[in-house]
Amino acid sequence: MGADSQTGEQEKQNGNSFDVNDYTIIKEGDAEILMHTKNEVFYNKTQVNNRDMSIAVLRTFISQRKQEHEAMLARRRTKAANEVLDAKAEKPGDSVQHNGESNDGSEVMEDTSNGESCSIPEEQTKNPRGKGQEELKPPRVLEALSASGLRALRYAREVDGISQVVALDNDKASVEACRRNIKFNGSVACSKVESHLADARVYMLTHPNEFDVIDLDPYGAPSVFLDSAVQSVADGGMLMCTATDMAVLCGGNGEVCYSKYGSYPLRGKYCHEMALRILLASIESHANRYKRYIVPVLSVQMDFYVRVFVRIYTSASDMKNTPLKLSYVYQCTGCDSFHLQTVGRTVSKNNSVRYLPGFGPAVAQECSDCGKKFNMGGPLWSAPIHDQEWVAAILADVKSMKERYPAYERISAVLTTVSEELPDVPLFLSLHNLCATLKCTSPSAVIFRSAVINAGYRISGTHVNPLGLKTDAPMDVIWDIMRCWVKNHPVKAQPSDQAGSVILAKEPVLQANFSRAVASLSKAQAKKVARFLPNPERHWGPKLRAGRTITSKHVSLLGPKALDAINNHENDDGSNHEDVEEEPANKRKKTEESDS
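Cut-offs applied
Residues numbered from 1 in each chain as written. Predicted model: local features only at pLDDT ≥ 70, side-chain atom pairs only at ≥ 80, totals over all residues. Heavy atoms only, no water. Pairing = 2+ DSSP bridges. Helix = DSSP H or I, 4+ residues; strand = E, 2+ residues; numbered from the N terminus. Axes fitted to C-alpha atoms, helices over the stretch in contact; angles between N-to-C directions. Contact = heavy atoms within 4.5 Å. Buried < 20%, exposed > 50% of the residue type's maximum accessible area, 1.4 Å probe, protein only. Core = buried A, V, L, I, M, F, W, Y, C linked by side-chain atoms within 4.5 Å. Polar contact = N/O pair within 3.5 Å; in protein donor to acceptor, adjacent residues only side chain to side chain.

Chemist: What should I look at first to understand the sheet that holds strand β4 (residues 164-169) in this one?
Modeler: Strand pairing in a sheet relies on backbone hydrogen bonds. The paired strands run either parallel or antiparallel. One open sheet holds the seven strands; their spatial order is β5-β4-β3-β6-β7-β9-β8, and the pairing between them is mixed. The open sheet terminates on both sides in strands that have one partner only, identified here as β5 (193-197) and β8 (292-302). Ignoring which end each strand starts from, the neighbouring axes of this sheet average 15° apart. Sheet topology note: the strand β3 (residues 140-143)/β4 ladder contains four bridges and is parallel. Each residue of the ladder has a partner; that of Glu-143, found in β4, is Ala-167. Against the sheet, helix α8 (residues 223-232) makes contact with β6 (211-216), β7 (233-243), β8 and β9 (305-314), and its axis sits at roughly 155° relative to β7, the strand it touches most. Helix-sheet contacts for helix α11 (residues 271-288) involve β7, β8 and β9, and the interaxial angle to β8 is about 160°.

Chemist: Explain the pairing of β9 to me, please; I cannot follow it from the model alone.
Modeler: Strand residues, when the strand is regular, have side chains that alternate between the two faces of the sheet. Here β9 lies mainly inside the structure; eight of its 10 residues are buried. As defined by bridge partners, β7 adjoins β9 across seven bridges and the pair is classed as antiparallel. When the bridges of β9 are listed, Met-238 appears paired with Arg-311. Across 10 bridges, the pairing between β8 and β9 is antiparallel. The partner of Leu-298 across the bridge, within β9, is Phe-309. Counted along the chain from β8 to the antiparallel partner β9, the turn is two residues long, and its residue Asp-303 has a positive phi close to 50°.

Chemist: So what exactly am I meant to see when it comes to the nonpolar core here?
Modeler: Soluble globular proteins: nonpolar side chains tend toward being buried together. Counting 84 residues, the largest nonpolar core has Ile-214, Leu-216, Leu-239, Leu-249, Ile-283 and Phe-448 as its most contacted members. A total of 10 residues in this core trace back to one element, the largest contributor, which is α11. Beyond its immediate sequence surroundings of up to four residues, Leu-249 is in contact with Ala-243, Cys-257, Tyr-261, Pro-265, Cys-271, Ala-275, Ile-278 and Val-306. If you look at the next biggest cluster of nonpolar residues, it comprises 47 residues, including Val-165, Met-240, Val-300 and Val-418.

Chemist: Help me understand unusual backbone geometry in this model?
Modeler: Note: most peptide bonds trans; most residues except glycine with negative phi. For the bond running from Gly-360 to Pro-361, omega is -5°, close enough to zero to count as cis. For the bond from Gly-378 to Pro-379, the omega torsion is 0°, close enough to zero to count as cis. Examined against the element boundaries, Pro-379 turns out to sit in strand β14 (residues 374-381). Look at Ala-147: it is not a glycine, yet its phi comes out positive at around 55°. If you trace the backbone, Ala-147 turns up in the loop between β3 and α4 (150-158). Phi is positive for Asp-303, close to 50°, though the residue is something other than glycine. Mapping Asp-303 onto the fold places it in the loop between β8 and β9.

Chemist: Looking at this structure, I do not really get the sheet that holds strand β11 (residues 338-342). What am I missing?
Modeler: Sheet architecture is open: three strands sit in the order β11-β10-β14, paired in antiparallel fashion. What marks the edges here is a single partner per strand, and that holds for β11 and β14. When strand polarity is set aside, the average angle formed by the axes of neighbouring strands in this sheet is 25°. Strand contacts of α11: β10 (326-332) and β14, with the helix running at about 55° to β14, the strand carrying the most contacts.

Chemist: Is there a simple way to explain the side chain of Asp-212 in this structure?
Modeler: In this fold, Asp-212 is placed in strand β6. For Asp-212, a relative accessible area of 13% gives the class buried. A distance of 2.9 Å separates a polar atom in the side chain of Asp-212 from the backbone nitrogen of Arg-140.

Here it is as structure tokens:
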């Protein structure tokens, strides 16, 4: 049945009085939605990458959850069997019996069960704790900020094994649009997806530990939803969280970032990865208040936002390890050097572990490389931000079902790069920044990687920045390699007080070896697999918040074609342009020139 006829059928059945001509049918994956031309409900085309990545992770989560449940049952069966054997061995009066008499002459009851008395009831075998054995229930998903409901519909229609998707929004027009789209998508959507008009924070607080997956994708900061979300996720469940306020997270407004996330950002080249780690630290902080902690399985920076996928567990003892996973960052104001200092440490003695504050300071007052001062940022998450086994499983799933992912090229490229990152190295260096400090020509990435590998250290790229390099080599080794490079590629004399001059004035302790190393190219590079793709079209961005009147000043967000289409539609309706703000001619001309 075609989309138009389907809509007409729904109108007849439900008595809805809406004009199909006022809507555009948008298809993404297996879901279709009706989008009003007046921007009444927020729909973001660019988030197709986000939605595809979420579906891939959700499929892997369901598979992993099933494996974990089966492993847990196997452990219980083994434990129950061991308890039976122990009980048999310790049973009193187990002396040799002859014809119903014990060896002391007293009568005993004969064993007439042919060995069945050695077993225990089946229910008790399944769960020796006597709590009853429940089958693994299909996961329930909560989309806390649903808008048009496209994400919830895609989850219901494309991910096998989901029992229910609850879509929330506190905007009446959005809930109406979501319910209309649920009906528009047929019986599967109607049976699995339900939409509610509610404040997501209140709803999550009143449904604690109920949802196996919670998806937070707000327009801006997710900080106000985190406290409710970490309480509503079931033990071992998944929290998917997006933050689009990148200007705040990347150091544009440090004080605002601290007020929202409890961390101070630094404006280094690694600022986008730092944004990921600040968000993770914030989620961990909220979880700790309820004796819970997080385990990240995938954390990515794409387009104009960061997106993290974390498992949430409950354990008061494991929660104590949180300070070991958080660090402060000292960033030199003169050169590209940075150093991390963990918030906490442990001391083991006589099979016991004590938790103590971290040692500090990690650096002197002045940078040992260039003599400048340090800025301090954080705390941020310094433990791994990906689980490489999960990443490999997600990537394999994506490749096996590539036709079901509209954004396959982009998400497979991101996952490929993530799979080759060093998991235990926080933040990264920028080769171009190092060279800018020394005012020298840049070695190729292959040559620089080779020098680091030949010095006995590890190095990899990062999915955040094509020019970023993650390495466990200390900064003095990095600068020695650059000093050796400059000796072979001399630079012009610079003022003696500049950071680069101070660095180059020192003789290198390490003599760098720039001969080509076998591991200097990643597997993806060697196979020429795409890792960083350009935006699919111009004006690729977050678009306008729902309800905003679209005017000519939004050409930089929507593009001239989209703006013309909207204006033409209004003309066709016979409406005038009184509500469209006119701009001065000189401003309009400047906008048109910049667009061309």
